[in-house]
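Fold and contact review
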Amino acid sequence: MPSRTIGSLCESGVIDAALKTLEMRGIEEEVTSFLTFLGAQRPRPGSVFILVMGLTGSGKTSFIADSIERQDAKVGHELESCTNSMAVFQARLEERDVYLIDTPGFDDTKWENMEILTAIAHYFSVSYANNVFINGIIYVHRISDNKLGGAARTNLEMLKGLCGRDAFPNVSVITTMWSPDGQERSKQEYREQQLKDIYLADMVKEGTQIVRHDWFGTMFDRRASAKAIFQRFFYMWKDDQATLQIQHEMINRQVSLGSTTAGRVLQLQMLEESKLLEKQLENISESRASDVQVSNESRRGDEILGDKGSEVRLMLQEHHKALEYMRLSILEIHRRQQERFMAQLRKIEDGWKDALSAKKEDYRLLEQEYQRHQSLRREETIGEREAALEKPIRAENERHELLSQLQEESQIQQLALTHALERNDDLTKKLEDAKIALDKKKLETNSKLEIAERAKQVWNSPLSQALVTGGLGIVGSAITTGKDFLQSTMKLLTVVEVYCAPSNDCGVVDD
Ligand SMILES: Nc1nc2c(ncn2[C@@H]2O[C@H](COP(=O)(O)OP(=O)(O)OP(=O)(O)O)[C@@H](O)[C@H]2O)c(=O)[nH]1
Ligand SMILES: [Mg+2]
């Protein structure tokens, strides 16, 4: 397989798909854990259930993730919209299944608190009704908060109302976000003391423990601290069971949510807030009525007041709706929660289906693109192959042409060579003939020279002197006419030979 870059993996969606698979596995696991917590799926014997509560941002999820080494506990997904942001994480410890139930924190907006309380009351009641018992409760408290007011106070009140006195020994308050040293730490230590002595005094008296999640430096230190705290409580709680007050009230006593201790705390706060909202609305109306001057400025002010009035009215409506909800029995809450759960699930399912259709369309387009690319590639390949085939053919043809040219040239050269050879033969023959002729000539000349030499000797001999007179005329005329000396000499010799014929040496020399 060819190596692929991260970039190409991202583009092809491989990483996306892998992450989605992990997320799906996470969702599947979380649903299973959630169902086990509700008792819809039987927990294994010895399973330990721990409820984790605390203000938003106090460090609940981080603590869960660190204490059971489940960093994926931080992954939030769509399912939380079904479970009102409640999530259950499972781990194995000492050969037991441990379930940590992460809950949303109560805050300043009371009608939202109502939703949170309804969800907690509902799920914990269902769980209890199905014989699933809570072993321990961890309450995470941010020690860095300046004062214990507003949402922090509501949270503590709700904690007490939900757990009840009987469950106080099973509660551990974990303080987070400690400063390492200095003045801030002194203030935090003072706040911790206040918690023990004032705000949580009743709980501490009943056995609630307050511990510091006091770590500085690395993530490793943070995890080590969380693990140590968690293990300490795990050994304390693993064989203990606590019935939360809200469970007892809603299941055993079958009271409405508004009649539970936690419900009453919230109801009281909501009524107080409703009164404040009504007062605000009254003030707004009065301000608008007294504003008689019709100027641009006052008109703008009136608009603002009108907007504020609508906002307050809407909040009041939510409050009344929430207070209405308080009167519902657990069965009615259960029915409504179930409806809500199913509606959310359908929404998620629709979202997933839409996403699937979009993915299918993506895939179809991709497939189309791929096919188009393949056919192009095929055409290209054929073209390339043809070109590849054409190349040697062309080369072969060129070679062929060159060969014929060479052959032609070679034939011409051969012919020329043959001609040349023939000519050469001719010339050789001619040369030989010439040579023979030359040799002959040489011989002739030599012999003639010899004769001439001899003639000279004869000329110089005393006898020839005697003959000079007779022959002188001939030699003289030869010289004067410029004729070949040899010819003259020959003639002369002929004369001499005539005279010398009887004896070759004529005996003249000897004489
Ligand atoms: N300094 C410090 N930061 C912490 C500590 N515990 C958690 N945090 C940080 O606080 C922030 C909130 O932590 P979470 O664990 O998400 O808080 P939470 O209570 O689950 O918040 P919600 O889910 O919104 O209710 C994160 O950025 C954490 O990293 C701690 O002990 N010290
Ligand atoms: Mg959280």
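None of these values were measured; they are calculated from a predicted model.

Quick notes on the rules
Residues numbered from 1 in each chain as written. Chains lettered and ligands numbered in written order. Predicted model: local features only at pLDDT ≥ 70, side-chain atom pairs only at ≥ 80, totals over all residues. Heavy atoms only, no water. Helix = DSSP H or I, 4+ residues; strand = E, 2+ residues; numbered from the N terminus. Buried < 20%, exposed > 50% of the residue type's maximum accessible area, 1.4 Å probe, protein only. Contact = heavy atoms within 4.5 Å. Patch = residues over 30% accessible without salt bridge, like charges linked within 9 Å, V, L, I, M, F, W, Y side chains within 5 Å. Areas by Shrake-Rupley, 256 points an atom, 1.4 Å probe, with all protein chains shown as cover. Salt bridge = Lys/Arg side-chain N within 4 Å of Asp/Glu carboxyl O. Near = heavy atom within 4 Å. Polar contact = N/O pair within 3.5 Å; in protein donor to acceptor, adjacent residues only side chain to side chain. Nonpolar A, V, L, I, M, F, W, Y, C, P; charged D, E, K, R; others polar. Pairing = 2+ DSSP bridges. Axes fitted to C-alpha atoms, helices over the stretch in contact; angles between N-to-C directions. Core = buried A, V, L, I, M, F, W, Y, C linked by side-chain atoms within 4.5 Å. Expected span 1.5 Å × (residues − 1). Parallel < 35°, antiparallel > 145°, perpendicular 65-115°, else oblique. Lys, Arg positive; Asp, Glu negative; His and termini not counted. pLDDT = per-residue confidence, 0-100.

This brings us to the overall build of the protein. The helix and strand tally for the protein stands at 14 helices and 6 strands. Within the protein, the proportion of its 511 residues that are buried is 34%. Sequence separation of 24 or more characterises 76% of the internal contacts of the protein that already satisfy a separation of 6 or more.

Together, L402, L403 and L406 line one region of the surface with nonpolar side chains, adding up to about 280 Å² of accessible area. Tracing the backbone through its elements, the reader meets L403 in helix α12 (residues 330–460). Here L403 falls in the partly exposed class, since its relative accessible area comes to 47%.

Lining the immediate environment of ligand 1, one finds 13 residues, of which G57, G59, K60, T61 and S62 sit closest. The separation between an oxygen atom of ligand 1 and a polar side-chain atom of T61 is 2.7 Å. One nitrogen or oxygen atom from the side chain of W215 is found 3.1 Å from an oxygen atom belonging to ligand 1. Compared with its free state, where it exposes 650 Å², ligand 1 has 63% of that area covered by protein. Residue contributions to the shell around ligand 1 peak at 3 residues, all from helix α3 (residues 60–67). When its residues are assigned to classes, the shell around ligand 1 shows 3 nonpolar, 8 polar and 2 charged.

Tracing the chain through its elements places Q247 in helix α9 (residues 245–252). Beyond its immediate stretch of four places on either side in the chain, Q247 contacts F124, S125, Y128, I134, A242 and N252.

Attention shifts here to the pairing of strand β3 (residues 96–102). Counting buried positions over the 7 residues of β3 gives 7, a clear majority of the element. Every second residue of β3 is oriented toward a common face, with R96, V98, L100 and D102 on one face and D97, Y99 and I101 on the other, all of them buried. Looking at chain direction, strand β1 (residues 48–54) and β3 are connected through 5 bridges and run parallel. Residue pairing for β3: I50 is matched across the bridge by L100. With 7 bridges connecting them, strand β2 (residues 87–93) and β3 associate as antiparallel partners. Across the sheet, residue V88 finds its bridge partner in β3, namely I101.

As a further point, take the sheet that holds β3. Two orientations exist for strands paired in a sheet by backbone hydrogen bonds: parallel and antiparallel. If you trace the 6 strands from one edge of the open sheet to the other, you get β2-β3-β1-β4-β5-β6, paired in mixed fashion. For this open sheet the edge positions go to β2 and β6 (209–212), each flanked by a neighbour on one side alone. For this sheet, the mean inter-axis angle between neighbouring strands, taken without regard to orientation, is 25°. Pairing between strand β4 (residues 136–142) and strand β5 (residues 171–176): 6 bridges, direction parallel. Paired with I138 across the bridge in β5 is S172. Here helix α6 (residues 182–199) sits on the sheet in contact with β4, β5 and β6, set at roughly 165° to β6. Strand contacts of helix α8 (residues 219–237): β1, β2, β3, β4, β5 and β6, with the helix running at about 160° to β6, the strand carrying the most contacts.

The next thing to look at is the nonpolar core. Core analysis: the biggest nonpolar cluster contains 59 residues, and F37 and L117 have the highest contact counts within it. Ranked by the residues each element gives to this core, the list is headed by helix α4 (residues 110–129), at 9 residues. For L117, the residues in contact, after removing those within four places along its chain, are F106, M158, L162, I246, L257, A262, G263, L266 and M326. Formed by 22 residues, the second largest nonpolar core is a distinct cluster that contains I138, V211, I229 and F230.

This part is about helix α5 (residues 150–163). Every α-helix carries 3.6 residues per turn, so stepping three or four residues along brings you back to the same face. With 14 residues, α5 extends 20 Å from end C-alpha to end C-alpha; this agrees with the ideal 20 Å at 1.5 Å per step. Within α5, 11 of the 14 residues are buried, leaving the element largely enclosed by the surrounding structure. A151, A152, T154, N155, L156, M158, L159, K160, G161, L162 and C163 are the residues of α5 that are buried.

The next subject is the packing of α3 against α8. Where α3 contacts α8, the two axes come as close as 8 Å, and the packing angle between them is 85°. Here α8 runs roughly perpendicular to α3, going by the angle between their axes. Between α3 and α8, the contacting residues are S62, F63, D66 and S67 on the first element and R222, R223, A226, K227, I229 and F230 on the second. Residue composition of the contact of α3 with α8, grouped by class: 4 nonpolar, 2 polar and 4 charged.

The next thing to look at is the side chain of D102. Structurally, D102 is set in strand β3. One buried charged residue, D102, forms no salt bridge at all, with the nearest opposite charge on K60 at 5.3 Å. A polar contact of 2.7 Å, which involves the side chain of D102, links it to the side chain of T61. With residues near it in sequence (within four places) discarded, D102 still touches V52, K60, T61, I64, S85, M86, A87 and F89.

Backbone geometry places N131, a non-glycine residue, at a positive phi of 65°. Take N131: it is sitting in the loop between α4 and β4. Here the phi dihedral of M177 falls at roughly 60°; this positive angle occurs in a residue that is not glycine. When you line up the elements, M177 lands in the loop between β5 and α6.

Before going further, it helps to examine the confidence of the model for the protein. On average, residues of the protein carry a pLDDT of 78, and 75% of them reach 70 or more. Counted against residues more than four places away or in other chains, residues 466–486, with its pLDDT under 50, gives 8 contacts. Taken together, the stretch residues 495–511 has pLDDT below 50 and engages in 8 contacts with residues farther than four places along the chain or on a different chain.

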